[in-house]
Amino acid sequence: MKWIRWKGLIAFIVVLISVIGAGVLFVDDAIKGIIEKTGTHLVGARVELGAADLSVSPLGLLLTELQVTNPDDPMTNAVRVDRVVLSVEGSNLLFRKVVVKEMTLSGVRLNTPRKTSGAISRQRAVKPVVSKKAAGEKFKLPSLEAPNAKEILQTEKLQSLELIASLRANLQLEKQQWQTRLAELPDKTRLAEYRKRLENLKSGKQRGLEGVIGSAGEIIAIQKEVRGDLDRIRSARQELEKNAATLRKQMDEATRAPQEDVRRLMDKYSLSTEGLINVSRLIFGEKVSRWADTALSWYEKLGPVLERAKERKQGAEVVKPLRGQGVNVRFKEHEPLPDFLIRIAKVSLEVPAGSIGGWIRNITPDQDVLGVPLTYEFSGDNLEGLRSLKIDGALDHVDPSSAKDTANLQIQGFQVTDMNLSDSAELPMVLKKAMTDLKGRASLSSGTLKANLLARLQSVDIATGSQDEAGSLVKGMASALSDIKRFDVEANVSGTLKVYDLKLTSDLDSVLKDAVGKQVKAQAARLEKDLQSAISEKVSEPMADMKAKLGELSAISSELTDRLNIGNDLLKGTKKSGPSGLKLPF
Amino acid sequence: MDAMLRAIAKVLRVLNSETDPGQMSLAFCFSMIAGLTPFLSLHNILVLLLILLFRVNLSTFILGLVFFSGVAYLIDPFFHWIGLTVLTISALEGLWTVLYNMTLFRLAKFNNSVMMGSLLFSIALFVPLYLISNQIIVRYREHVLAWVRKSRIMQAFKATKFYRIYATYSEVRGGA
């Protein structure tokens, strides 16, 4: 037995016992360290544990003073749990499966202050983005006082003025061109010369037949010249009339332009009841948007708990271990179970209003293995300022390719007190008290987010502050708000986790619309009259000048008509007496 | 603490008194398995039992363990590749499925790619390494042992409190 040393067996047993002894001695600290490290990694902020205590028979774990820092506010714990008791199924541990039969969380409190910061230096995840249509804007009432017409005209360009100026320039140019052309056309002097020549022919004695024939020929020649001149004048007059017709049409447009300016400026500056329809969005949008952001940010943190990275390689499913190296290849199990499973977690949540109890079933990152989704339900009755609350739903990732998560919320008799609705200097609003019933449901299916929340507020008391120096419109709104005793608000969210639209509707809108509708219309009528008057004052002078210039073109046309008349008279005179009124000797 | 270190030194002194070439080669081969595979594994308990039960040179084992652990760090991706390839061979799926449903093998983490790859690699090299190192030791026996004892790691190890206790104990008990 040269190769065997039996004392080595004793040494092995000693080493083994020592290792197990050391393990038992330090296992509690090791578990505490693992929970703190893994939790901090998952949450993105410090997770701390007071103590961990592992018991062997029955196999279980007791955790005390668990604190999870809110990553958005490192001086606050998002959750603080006094006591967590876990009972573990020991037989499954041999298969490297942590199956928690039951987990009880007692003394759970939310948003408790921390003594030290729980921040860790780590890049934060991208926050969800609410689209522009969503209601994340700060509350700002639409302007409730009608703007001054003169102030508007100081900043706005009038299209009518521009049109008139352009037309005046065209008219001036046209006038100059026609004056030049008029000078080139046969004028009255020339026509008078024709008359003189004809009269000379009439008064002259024609000697013999040759003389008569000669005179007739000359008359015919004059007729020809006159006709030629008249054709030029007629053609010019036709062209002038055509141009004048175009210019007249443009002038008509220019005349209507001031009215168009009034309409455009009214659209832009006048108050409209349509603008008030969005008041509920402006009042509640920011709050609802903030709640939605918070809910979605915590939902995203649940990601690793619901699903973990899995892939298939050469037909086999491989799972990346949470820690360590390599990949674990999975094979068919006789009794499939996830690597980590909490069958049921019972939670007792302590909130200022009282205690809310509930349970979460089937917490595992391998729902596809378990074949059952995570379900949860929380409820509380007769809480302080809240008659009843119920939240339930399911996170179904059994088929990761078509995961569907749902949540339902029902709150009854929630007493709202002193909720600030608006910081607006014009119309501060505080919801002094209201009894609220809330009903909501949300679902996330294949990346598509849909949520609906309906809040029914009754016994409403809205305080609107002092309106001693406010305008009639603000007073009207304040009075309408003070009279409101009940209203509903409905929020609809749609989109994705990163980008979603938030639409808010409320019957507050119609109440306000009715209350201030008449004042808005009266203010709009006043503004329209002021605008008409101010624009008319501005355009009257250039408009008159434009008309005068068109009149000058008409004068040119008249001149051409006169010349044509003279020419036509000449021609008529020649026709009455032979070729040109000449008395023939035969 | 001192008492614990003395107890271990006593065990080592008793066990590390053999200098047969085969004992050193075997220690080196066992250190390859323990060093290349993930240290906290079920099979390494068996390795520990074997190195204590068989008369192998523990100094060589410790030195080899340090060396192979460093090598494993560098070639883990290679082990991952071997392991994943073997675990995903269709013909072996039945075998793996049977083993997967056995507690012992599940505890041994055989379905982990690095574990499977490194274990197969070290088992495959076990016999060749034993034969080669045995030959080398036979030829250079004295030099090899001397080198191990004079090596920096061993020197550093000798500077530890643990070794001083071990050496003191060995001296008192007649040396190794």
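The structure this text deals with has already been given above.
Residues numbered from 1 in each chain as written. Chains lettered and ligands numbered in written order. Predicted model: local features only at pLDDT ≥ 70, side-chain atom pairs only at ≥ 80, totals over all residues.

Re the interface of chain A and chain B
Alright, step 1. Listed as interface residues are 25 residues of chain A and, on the opposing side, 27 residues of chain B.
Alright, step 2. Among the elements of the structure, α1 (6–43) and β8 (328–330) of chain A are those that each provide at least two residues to the side of chain A that touches chain B.
Alright, step 3. Looking at which element gives the most residues to the side of chain A that touches chain B, the answer is α1 of chain A, with six residues.
Alright, step 4. Tallied by class, residues from the side of chain A that touches chain B come to twelve nonpolar, seven polar and six charged. (Contact = placed C-beta atoms within 7 Å. Helix = DSSP H or I, 4+ residues; strand = E, 2+ residues; numbered from the N terminus. Nonpolar A, V, L, I, M, F, W, Y, C, P; charged D, E, K, R; others polar.)

Focus: the packing of helix α2 (residues 21–36) of chain B against helix α3 (residues 42–53) of chain B
All names here are of chain B.
Alright, step 1. It is the contact of α2 with α3, at a shortest axis distance of 10 Å, that shows an interaxial angle of 165°. Here α2 is positioned roughly antiparallel relative to α3, judged by the angle of their axes. With respect to the hand of their crossing, α2 and α3 are arranged in left-handed fashion. Listed contacts from α3 to Ala-27, Phe-30, Ile-33 and Ala-34 of α2 are Asn-44, Val-47, Leu-50 and Ile-51.
Alright, step 2. By residue class, the composition of the contact of α2 with α3 is seven nonpolar, one polar and no charged. (Axes fitted to C-alpha atoms, helices over the stretch in contact; angles between N-to-C directions. Parallel < 35°, antiparallel > 145°, perpendicular 65-115°, else oblique. Left-handed = near helix turned anticlockwise from the far one by under 90°.)

Some remarks on unusual backbone geometry
Alright, step 1. At the junction of Ser-57 of chain A and Pro-58 of chain A, the peptide bond is cis and its omega measures out at -5° in the coordinates.
Alright, step 2. Along the chain, Pro-58 of chain A turns up in the loop between β1 (47–55) and β2 (60–70).
Alright, step 3. The phi dihedral of Asp-418 of chain A is positive, around 50°, even though this residue is not glycine.
Alright, step 4. Phi at Lys-109 of chain B takes a positive value of approximately 55°, unusual for a residue other than glycine.
Alright, step 5. The topology assignment puts Lys-109 of chain B in the loop between α6 (103–107) and α7 (113–150).

A word on the pairing of strand β14 (residues 429–445) of chain A
Residues and elements named next belong to chain A.
Alright, step 1. Bridging between strand β13 (residues 404–422) and β14 involves 15 bridges; their strand directions are antiparallel. In the sheet register, Phe-414 faces β14, and the bridge partner there is Thr-436.
Alright, step 2. Adjacent in sequence and paired antiparallel, β13 and β14 are bridged by six residues.
Alright, step 3. Strand direction decides the pairing type here: β14 and strand β15 (residues 448–463), joined by 14 bridges, are antiparallel. Its bridge partner being in β15, Lys-439 is matched across the sheet by Leu-454.
Alright, step 4. Hairpin connection of β14 to β15: two residues between the antiparallel strands, including Ser-446 at a positive phi of 50°. (Pairing = 2+ DSSP bridges.)

Topic: the environment of Ile-219 of chain A
Alright, step 1. As for its placement among the helices and strands, Ile-219 of chain A is situated in helix α6 (residues 208–269).
Alright, step 2. Taking the C-beta count within 10 Å as the criterion, Ile-219 of chain A has 21 such neighbours and is therefore assigned buried. (Buried ≥ 20, exposed ≤ 12 C-beta atoms within 10 Å, placed from the backbone.)

What about the packing of α1 of chain A against α3 of chain B?
Alright, step 1. Contact pair α1 of chain A / α3 of chain B: the axes reach a minimum separation of 7 Å and the direction vectors enclose 145°. Once α1 of chain A is placed against α3 of chain B, the crossing between them reads as right-handed. Contacts between α1 of chain A and α3 of chain B pair Gly-8, Leu-9, Ala-11, Phe-12 and Val-15 of chain A from the former with Leu-48, Leu-49, Leu-52 and Leu-53 of chain B from the latter.
Alright, step 2. Here the residues of the contact of α1 of chain A with α3 of chain B sort into eight nonpolar, one polar and no charged.

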